[in-house]
Every structure is written in C-alpha cells, then in structure tokens.
Amino acid sequence: DGSLPARATRTTCPYCGVGCGVRATPDGRGGATIEGDADHPANRGRLCSKGAALGETLGLADRLLHPEVRGKRASWDAALDAVAEGFTRALDRLGPEGVALYVSGQLLTEDYYAANKLAKGVLGTGNIDSNSRLCMASAVAAHRRAFGEDVVPGTYDDLDQADLLVLVGSNLAWCHPVLFQRAMAAKAARPDMRIVVIDPRRTATCEGADLHLPIAPGSDVALFAALLVHLDAHGCGDARYIADHTQGLAETLAAARMIAAEAPALTGLPATQLEHFCELWAMTPRVVTLWSQGVNQSSAGTDKANAIINAHLFTGRIGRPGMGPFSVTGQPNAMGGRETGALATMLAGHLEWDAPGEHAALADFWGLPRLATGPGLKAVDLFEALGAGSIGALWVMATNPAVSLPAGDAVRGALAAAPFLVVSETTRRADTAAYAHIRLPALAWGEKDGTVTNSERVISRQRAFMPWPGEARPDWWAVAQVAARLGHADAFAWSGPAAIFREHAAVTGLARPASRAFDISGLAARSDADYAAMPPTRWPVPASGPATERFFADGNVPAGRARLVPTLFRAPHAQPDAAFPLRLLTGRLRDQWHTMTRTGSVPRLMAHAPEPVLTLHPDDEPALPDGSLVRADTPAGSAVLRLARDAGQRRGTAFAPMHWTAQFAPAARINAALIAATDPLSGQPELKHTPLRVSPY
Ligand code: SF4
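The residue count restarts for each chain, going from 1 along the sequence in the order it is written. In view of the model being predicted, local features appear only for residues whose pLDDT reaches at least 70, and side-chain atom pairs are presented and counted only at 80 or more, with totals across whole chains, interfaces and linings using the full set of residues.

> Explanation requested: the packing of helix α8 (residues 220-233) against helix α14 (residues 301-315) in the structure shown.
Helix packing geometry: the angle between the two helix axes and the distance between the axes. Between α8 and α14, whose axes approach to 8 Å, the crossing angle comes to 15 degrees. Taken together, the axes of α8 and α14 lie roughly parallel to each other. Helix-helix and strand crossings are classified by hand; for α8 and α14 the assignment is left-handed. Along its contact with α8, which presents Asp 220, Val 221, Phe 224, Ala 225, Leu 227, Leu 228 and Leu 231, the element α14 presents Asp 303, Lys 304, Ala 307, Ile 308, Asn 310, Ala 311, Phe 314 and Thr 315. The residue makeup of the contact of α8 with α14, split by class, is ten nonpolar, two polar and three charged. Only the stretch in contact is used when fitting a helix axis, every axis being a line fitted to C-alpha atoms; angles between N-to-C directions are given from 0 to 180 degrees. Numbering of helices and strands runs from the N terminus, with a helix taken as a DSSP run of H or I at least four residues long and a strand as a DSSP run of E at least two residues long. To sort the angles, those under 35 degrees are grouped as roughly parallel, those over 145 as roughly antiparallel, those from 65 to 115 as roughly perpendicular, and the leftovers as oblique. If you view the pair so one helix is near and one far, a crossing is left-handed when the near helix is turned anticlockwise from the far one by less than a right angle, and right-handed when it is turned clockwise. The contact rule is simple: place each C-beta atom from the backbone, and if two of them lie within 7 Å, those residues are in contact. Amino acids outside the nonpolar list (Ala, Val, Leu, Ile, Met, Phe, Trp, Tyr, Cys, Pro) and the charged list (Asp, Glu, Lys, Arg) are all regarded as polar, and Gly is one of them.

Next up, the structure:
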C-alpha cells in the first residue's frame, strides 16, 4: 500500500545476478543510507561501487509519475481501459500470434509471474520474452540439454572452496564485482588456489589471475574439446560417475577428437599454453568453471556452455564442494523469469509444453483453458515480427530494447511503426518510452515489494522502504487490472505480492515428476507474515522430502541421467573481410548498469567512464590518433566514439560499452552497429562478434 517502514530495511541490490543483500535506511531527504547485509549468503556484507551508490539513485527527477495515453496525462482507469482495448483489437485482427509482451530481468518474480499468466493464460500467446534472452538464454538451453532442466548445479560457496577457478568470457571484476571480491579473498586465504581467465581481452579480472588465455573470439568450443580429449587421454574420466549418471559419452568424445587437434589454430593460443591449461584442469579435482556473457552472447553460445559442462560431467567434478560448471547471470532476477516461465520457450514453474499432463495441469490450476499451446517468438524474432507488421499490440515492461537489442535502428523503426505499444517504466529517460502509445508509471527499486532469485538459486526479498511516488503502481497490479478488463478478474484477484508468490510456489508442485529439480511447493503455504520476513532461501524447497544444496553430485542427479552433448566448432556468424577488417566486442563498464537509466544519474559513477570509448590494440589502425573521435561502421550500422588504446586488447578486435543511450550520447549507441545473428537453439543474439571498420570522424 506504499506505507513506509520505520527503520532500516533488508532488501536486495537490483543490479546484477550476484544478488547482494542490502540494508537500506531512508535519510528523510529522498535518499537512503546503504550498507551491505552481513547476513546475506551472497555477499556477507560486501558491496560494489554500483550497490554502494544505490542511495543516490532514488530521486524523482525524470520519473514517470502518472499514466499517459498518446502523450497526455490520463487516469489509471482510462489507461488500463485503453490497454485492454488495444490488445483486444489486435487479438481480433491477428489472433494470439499477433500480440506480445517483452519483459525484463529487472522485474520481480511476482511481476514476472503475473505477466506470464496474462500472456500465456489470458491472451493465449507464447509471445512473452524477456531481456534475459540477451543475458543467459544460451546457459538455459545448455542446462536443459545437459541436465534435462534449467538447473545451476552449485553455489557461490564453491567459488570459495575451489582450488582452480576458471573464468570464461567473464570480466567478473567489473560485471559481478562481489563474486570477484569473494574469489580474491579465497585466493588470499589459500595462496595455492589458481585462477585462469579465458577472454580475448586482458580485463581488470586478469589482475587477479595466475593465467590469462587471450582466446580468439568465438573459439571456446575448440578449447574445451581439447580439454576433454586431454582429460580422456590422461585417464581423468570418472568411469563410475559416467556409467551411473551420464549418457552420450562416445559421440561427445568423437566430436571433440574431430576438432581438438585444430584447437591451437582455432583459439590462436600456443599449443604449450593450451597444454598448461589442460594439465592444470586435469590435476585439480576441485575446479569451478564459471562463464558469463562472453560465452552466452554468441551464435554458438549453447554449444560453448555444453562444451564446458561436458568436461565436468566427464570427470564427475560437479555438485560437490568446490566443483562444477557455473553460469552467472547478468540481471538481478534473470532466474526468476526462468522460474515463472516468462520466456517464450518455457511454461511456468519449469513445466514443459510437451511433457504429458503438464500443460493441462497448469491450464486447470489457473482455470484458463486458452493457455498457449506452444512456444512463442524469442526477443530478436519478436522485434523483427513487430517490424514486419505481424505484431499488433506489444507491452514492454522494465526494459529498454531501443538501446539493448542488436540492429538497433531497425528496432527503433519497428517501435515507431508499432500499431499499439504499451511501456511500463519508472523513468521518462528510457529511449523505448518515447515510442509508446500508453505509458504506465511503475514502481522503482526501494518502492516495490517482492522476490528475486540470484545466480545460485537463492530467493531473496526486495522490500519497499520508500513511499510510492505520484501514481506509480506495481507492475503485477497493472497486469491484474488489464486481465480483469479482459474478463479474468478472479484468476488475478491477488491481495498483494505474497499471494502471487504462494500461487507461483504452488505451480512448482503441479504434475511434478520426482526428477524435477525446481520445486518450491514447500513455500506455497507461507502466510503474509512469513513472506514479509522470509530470509534468503535457496531452492529447492519441496513440500515433502529433503531440500538439496547442490545438484548432480553422485546420487543426486534429478533427471536420472545427465547428458554429455557433442559439440562441433562453429565460427561466429559474420567474419571480418576487406571492408570490415576488425571485430567488435561489446560489454559492460564497472560503474554502469544496462542503459544507464539509474546509474547515469550518479556523478561518481559517471566519473569512472564519462564518455563512450572504442578501445583498440595499439597496432590496429595506428594512423588514428588516440583520443580522437572515430566512426565505427559495421554491416548493420554505425556509431561515433572516442578512440582509446590498450595493449590488453587482442589485435584485430575492438571493444565498446553497451550502455550509452540517445539521451547521454546519441551518436554512440553501439547497438545500432550490431548484427542480429542469434544462436539457433537459444535465440540469444551474438553481441560480441560484429565485423567492424574504424575511420576518422
Ligand atoms: Fe549489486 Fe551486483 Fe554489486 Fe552485488 S555485485 S552490489 S548485486 S551490482
């Protein structure tokens, strides 16, 4: 109801998938004092620069504070009526395939659940996808291939306990800083611990590493094939684990052998360096291989992740303390979207479209017989469909696709031409909001109330400690109001987020085979008071039977058998050529978050990197003066940035941050220059490998 707590509130940082616990105390001047929560298992009191500055992001400048219909202030009733009418018109004209929602890992689980129920249950469409598609969809697809379900086997404690931590495509020091702090603390306590970074760039993370492998972009499958062959040749396979718990070994080894010999050429790494890495991995039982967007944001992202998982399954180094493959997600609630089914490829609660009885069980439980019968469009396809005119109504929540999706100019064109676009936002500054026919004011961090799930399956509460400003309301409430206008008030008659969470938890107990890992049905009977006080809780929490800390250890393989997946090397979708001789990699800055709508308002965060920069190796394009403005042209489009040089940049590659919006630097929107190639399984766009030409501006 928007009322204020009297003292410090325990909540969760809204930025990255580490999911740090925060204690927030309003300062009475519109800001708040922020401290790390020493009792939260993710961070144990630590914070990074972004988390520590959260109290400075709470101002109301540029906030969207009341609904707007076609640019004019409107009442909530009028705006919600217009949303319901717009979607009804599109349904009448185009059917369920002609409507869509595009949502976000910034949503709370309760918002995600409500949005998914509206899309799949009421609108009858599979067309609800999340910006998590840009973040970890390849990891999800790899988990489902290897484990039969989207399950992260381990916990952050494994990073502390590993003797070897391998970071693949992860600038952990900047993108998941508290995990990096934990890794550094573990190494300080146990100096024999080794850290290897596999990344084309020499990043800040390399400063804490024992070995940096500056791999050729996109060649991870070849590296891990060489590792698998090495492990096999040196008798490192765990024969009993393989026999009891896995399938697919013969074909996986055969595939690896086909490319292992080419690994030095494909990865660009000297054979001796490759050998050193393989020996280190082979002789260190307690190994965690952690990966992030450098693996996932690739047209071969799913294969890369499976190649990593293969090495762990082969050696049985999984699900035990200090061992396992580990996907870390970029967003605070990327996993919540996976749990609630708010991705076009999933049903709610890890239920499967085609598993016998599961679709019917969900339709019955919801009392919504029009439940979508199959997957919908993934993010890139969804916006291409919007541009082609086959989506008649789109509702975007808590995300800024005009800045974050590849082929950004085409995305802007599609948004501009959309017959009916609804945007739920906290800020007027989001580029996407400029195209909306209806703008709905959403609650921001500190105002909204619900749960998020971090990268280690820990569900944490995000609690409100600030009043609701203006007419801003929770996203789940707006969704429920639209559902009511579409004739489904009873199915959305929640009293608050606790009621939604209970329903979500109950879904995870539906039609459940014993092998299903995601089960929080033990939380379905929690009272409102229990929900309000809920401590960080790792799933699973079954209604009966023991909870599980780690999955896929000996004797704890939920789906019965894990699968080794044959993976063959596939080069990035587009190759450099005479016209575009370089390769453009994108990524994050230390002190910015997504499209800067929050962190861009904090001067001390902006000071770390005050303008958009394109970084090249000193040997590339040497005639261009360091510090000059340069034009970055690709087959998809262009951007203008200031040139910087870094000997840690791999020759032939350039790096640009992904954050800059039209408001901060209109010419530097790097997503306008990215091609929209995707992984064929996960649909995740290849945001790292666009051919590039750099010239004076
Ligand atoms: Fe927030 Fe991530 Fe920093 Fe933790 S590491 S404080 S979750 S941004």
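Text resumes after the structure shown.
> Honestly, the nonpolar core in this entry has me stumped. Any pointers?
Remark: nonpolar core denotes a set of buried Ala, Val, Leu, Ile, Met, Phe, Trp, Tyr and Cys residues whose joining runs through C-beta atoms within 7 Å. Counting other C-beta atoms within 10 Å of each residue's C-beta, where C-beta atoms are placed from the backbone, gives the exposure class: buried for 20 or more, exposed for 12 or fewer, partly exposed between. Of all hydrophobic cores here, the largest spans 228 residues; its most connected members are Val 103, Ala 115, Leu 165, Ala 225, Leu 394, Ala 632 and Ala 654. If one sorts the elements of this core by residue count, α8 sits on top with nine residues. Beyond its immediate stretch of four places on either side in the chain, Val 103 contacts Tyr 112, Ala 115, Ile 128, Ser 130, Ala 342, Met 397, Ala 398 and Thr 399.

> Help me understand the domain arrangement of the protein chain, please; the structure alone is not making it clear to me.
How big an interface is tends to be expressed through the accessible area that disappears when the partners come together. Where each domain begins and ends is defined by an automated method or by a domain database. Here the protein chain is partitioned into domain 1 (9-57), domain 2 (68-135 + 332-538), domain 3 (137-328) and domain 4 (582-696). Each of domain 3 and domain 4 has a C-alpha centre, and the two are 27 Å apart. Tallying the contact residues gives 22 residues for domain 3 and 23 residues for domain 4. For the side of domain 3 that touches domain 4, the secondary structure elements donating two or more residues are α4 (137-147), α6 (172-175), α13 (293-296) and α14. Tallied by class, the residues present in the side of domain 3 that touches domain 4 amount to nine nonpolar, eleven polar and two charged.

> In this structure, what is going on with the sheet that holds strand β3 (residues 32-36)? I would like to understand it.
In a beta sheet, neighbouring strands pair by backbone hydrogen bonds and run either parallel or antiparallel. Overall, antiparallel pairing links the three strands, which are arranged β1-β2-β3 in an open sheet. The open sheet has two free edges, formed respectively by β1 (9-12) and β3, since each of these has just one partner strand. Taking the axes of each pair of neighbouring strands and ignoring which way they run, one obtains an average angle of 35 degrees across the sheet. With five bridges connecting them, strand β2 (residues 21-26) and β3 associate as antiparallel partners. Pairing of Arg 23 across the sheet is with Glu 35, part of β3. Whether two strands pair comes down to DSSP finding at least two bridges between them.

> Explain the packing of helix α3 (residues 109-123) against helix α21 (residues 497-507) to me, please; I cannot follow it from the model alone.
Remark: α3 packs on α21, axes separated minimally by 9 Å, with the N-to-C direction vectors making an angle of 65 degrees. In terms of orientation, α3 and α21 fall into the roughly perpendicular class. Here α3 and α21 pass one another in a crossing that is left-handed. On α21, the residues that touch Thr 109, Glu 110, Tyr 113 and Ala 114 of α3 are Pro 497, Ile 500, Phe 501 and His 504. Its residues placed into classes, the contact of α3 with α21 shows five nonpolar, two polar and one charged.

> Would you mind showing me how to read the pairing of strand β6 (residues 99-103) here?
Looking down a regular strand, the side chains alternate between one sheet face and the other. Among the five residues that make up β6, five are buried, leaving the element largely enclosed by the rest of the structure. Side chains Val 99, Leu 101 and Val 103 of β6 all project onto a buried face; the interleaved residues Ala 100 and Tyr 102 project onto the opposite face, where all are buried too. Pairing between β6 and strand β14 (residues 393-397): four bridges, direction parallel. If you follow Tyr 102 over to β14, its bridge partner there is Val 396. Sheet topology note: the β6/strand β7 (residues 128-130) ladder contains three bridges and is parallel. Looking across to β7, one finds that Tyr 102 is bridged to Asp 129. Handedness of a crossover is defined as follows: with both strands directed away from the viewer, a clockwise route from the first strand across the helix to the second makes it right-handed. In terms of handedness, the path from β6 via α3 over to β7 forms a crossover that is right-handed.

> Before we go on, may I ask you to explain the environment of Leu 108 in this structure?
Mapped onto the fold, Leu 108 is located in the loop between β6 and α3. Residue classification places Leu 108 among the buried residues on the basis of 29 C-beta atoms within 10 Å. A C-alpha to C-alpha distance of 21 Å links Leu 108 and Leu 80, two positions 28 residues apart in sequence. Not counting the four nearest positions on each side in its chain, Leu 108 is found in contact with Asn 333, Lys 448, Gly 450, Thr 451, Val 452 and Gln 462.

> Honestly, the pairing of strand β13 (residues 324-327) in this entry has me stumped. Any pointers?
The alternating pattern of β13 places Gly 324 and Phe 326 on one face and Pro 325 and Ser 327 on the opposite face, and all of these are buried. Looking at chain direction, strand β12 (residues 287-291) and β13 are connected through four bridges and run parallel. Counted as the bridge partner of Thr 289 is Pro 325 from β13.

> Looking at this structure, I do not really get α3. What am I missing?
For a helix, the expected span equals 1.5 Å multiplied by the residue count minus one. The end-to-end C-alpha distance of α3 is 20 Å, a good match for the 21 Å that 15 residues give at a rise of 1.5 Å each. Of all 15 residues making up α3, 15 are buried, and the element is well covered by its neighbours. The positive-phi residue at the C-terminal boundary of α3 is Gly 124, with phi of around 70 degrees.

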